[in-house]
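This is what each chain is made of:
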Amino acid sequence: QVQLVESGGGLVQPGGSLRLSCVASGFSLSSYTMSWYRQAPGEERELVATVTTAGSSTYYADSVKGRFTISRANAENTVYLQMNSLKPEDTAVYYCYRHRGGYWGQGTQVTVSS
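Remember, it's a predicted structure, so these values are computed and weren't measured experimentally.

### So, unusual backbone geometry
Glycine aside, residues mostly have negative phi, and peptide bonds are mostly found in the trans state.
Then step 1. A positive phi angle is found at Asn 77, which is not glycine, with a value near 55°.
Then step 2. On the secondary structure map, Asn 77 appears in the loop between strand E7 (68-73) and strand E8 (78-83).
Then step 3. Taking relative accessible area as the criterion, Asn 77 reaches 15% and is therefore assigned buried.
Then step 4. Within the chain, Ser 85 stands out as a residue other than glycine whose phi angle is a positive 50°.

Shown next as C-alpha cells:
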C-alpha cells in the first residue's frame, strides 16, 4: 500500500544544514506532485515546498525561499528537502505529502537550537 517514510531530521545548530528524504512505496513517484509540510507545537501545519510531477516547477514558502531546495529522484522514488542556513524558527516536525489522493508520511523532527 501507499507509504511515505521521512528521514534525515535531527538536532542542528543555527546556520547549519540538514537534508530530509522521503521514500515512497506503493506507487510511482513520477506520477505525483509532492510537497513538504511542517508543523511546530501549537501551530497549524504549513506548506514548505512543492515540486511538480515533471520536476520543472517548484514552490517555496517565503520563510524558506533561498534557503531550502526541494528535489526529486524518480528512479529512487524519493523526494528530498535540502535545508541550509537553518534558523530556530525552522524547528518543527516535517512531513512528506503526496498530492492527488492525499497521503502523509509519519514525519521527522527537525530541531534548530544552540
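### A few points about the side chain of Arg 72
Then step 1. Relative to the elements of secondary structure, Arg 72 occurs in strand E7.
Then step 2. A distance of 2.5 Å separates a polar atom in the side chain of Arg 72 from the backbone oxygen of Thr 52.

### Looking at the nonpolar core
Then step 1. With 30 residues, the main nonpolar core has Trp 36, Leu 81, Met 83 and Tyr 94 as its most contacted residues.
Then step 2. Within the residue set of this core, elements represented by two or more residues are strand E3 (18-25), strand E4 (34-39), strand E5 (46-51), E7, E8, strand E9 (92-98) and strand E11 (108-112).
Then step 3. At 4 residues, E3 tops the list of elements feeding residues into this core.

### A short note on the packing of aromatic side chains
Then step 1. Evaluated as defined, the whole model comprises 5 aromatic pairs.
Then step 2. Measuring from ring centre to ring centre gives 5.2 Å for Phe 27 and Tyr 32, while their planes differ by 85°; the resulting arrangement is edge-to-face.
Then step 3. Overall, the relative accessible area of 14% leaves Tyr 32 in the buried class.
Then step 4. Plain terms: the ring middles of Tyr 95 and Trp 104 are 6.2 Å apart, the flat faces sit at 85° to each other, and that makes the pair edge-to-face.
Then step 5. Among the residues examined, Trp 104 registers a relative accessible area of 38% and is labelled partly exposed.

### Observations regarding the state of the cysteines
Then step 1. Scanning the entire structure with this criterion turns up 1 disulfide.
Then step 2. At a sulfur-sulfur separation of 2.1 Å, the disulfide partner of Cys 22 is Cys 96. In this structure the cystine formed by Cys 22 and Cys 96 twists about its S-S bond by roughly -85°; its chirality is therefore left-handed. Here Cys 22 is found in strand E3, whereas its partner Cys 96 is found in strand E9, with 74 residues between them in sequence.

### Re the pairing of E9
Then step 1. A large share of E9 lies buried, amounting to 6 of its 7 residues.
Then step 2. Taken together, the 3 bridges between E9 and E11 define a ladder with antiparallel strand orientation. The partner of Val 93 across the bridge, within E11, is Gln 109.
Then step 3. Bridge analysis of E9 against strand E10 (residues 103-104) gives 2 bridges, and the strand direction is antiparallel. Counted as the bridge partner of Tyr 97 is Trp 104 from E10.
Then step 4. Following E9, the chain reverses through 4 residues before pairing antiparallel with E10; Arg 100 in that reversal takes a positive phi of roughly 55°.

What counts and what doesn't
- Note on numbering: residues in each chain are counted from 1, in written sequence order.
- Predicted model: local features are reported for residues with pLDDT of at least 70 only, side-chain atom pairs are reported and counted for 80 or more only, and whole-chain, interface and lining totals are derived from all residues.
- With hydrogens and water set aside, each side-chain value is computed from the structure's full complement of heavy atoms.
- Secondary structure is summarised from DSSP: a helix means a run of H or I of at least four residues, a strand means a run of E of at least two, and numbering begins at the N terminus for each.
- Buried means the residue's accessible area, taken with a 1.4 Å probe over protein chains only, is under 20% of the maximum for its type, while exposed means over 50%, and partly exposed covers the values in between.
- Counted as a polar contact is a pair of N or O atoms within 3.5 Å, where, for protein atoms, one must be capable of donating a hydrogen and the other of accepting one, and residues adjacent in sequence contribute only when both atoms are in side chains.
- Only buried Ala, Val, Leu, Ile, Met, Phe, Trp, Tyr and Cys residues count toward a nonpolar core, and they belong to the same one when joined by side-chain atoms within 4.5 Å.
- Between rings of Phe, Tyr and Trp, where Trp is taken as its six-membered ring, a pair exists when centres lie within 6.5 Å; planes separated by under 30 degrees are stacked, by over 60 edge-to-face, and by other angles tilted.
- Two cysteine sulfurs form what is called a disulfide whenever their separation falls within 2.5 Å.
- DSSP bridges decide pairing: two strands pair if at least two such bridges lie between them.

This is a description of form; function is not addressed.
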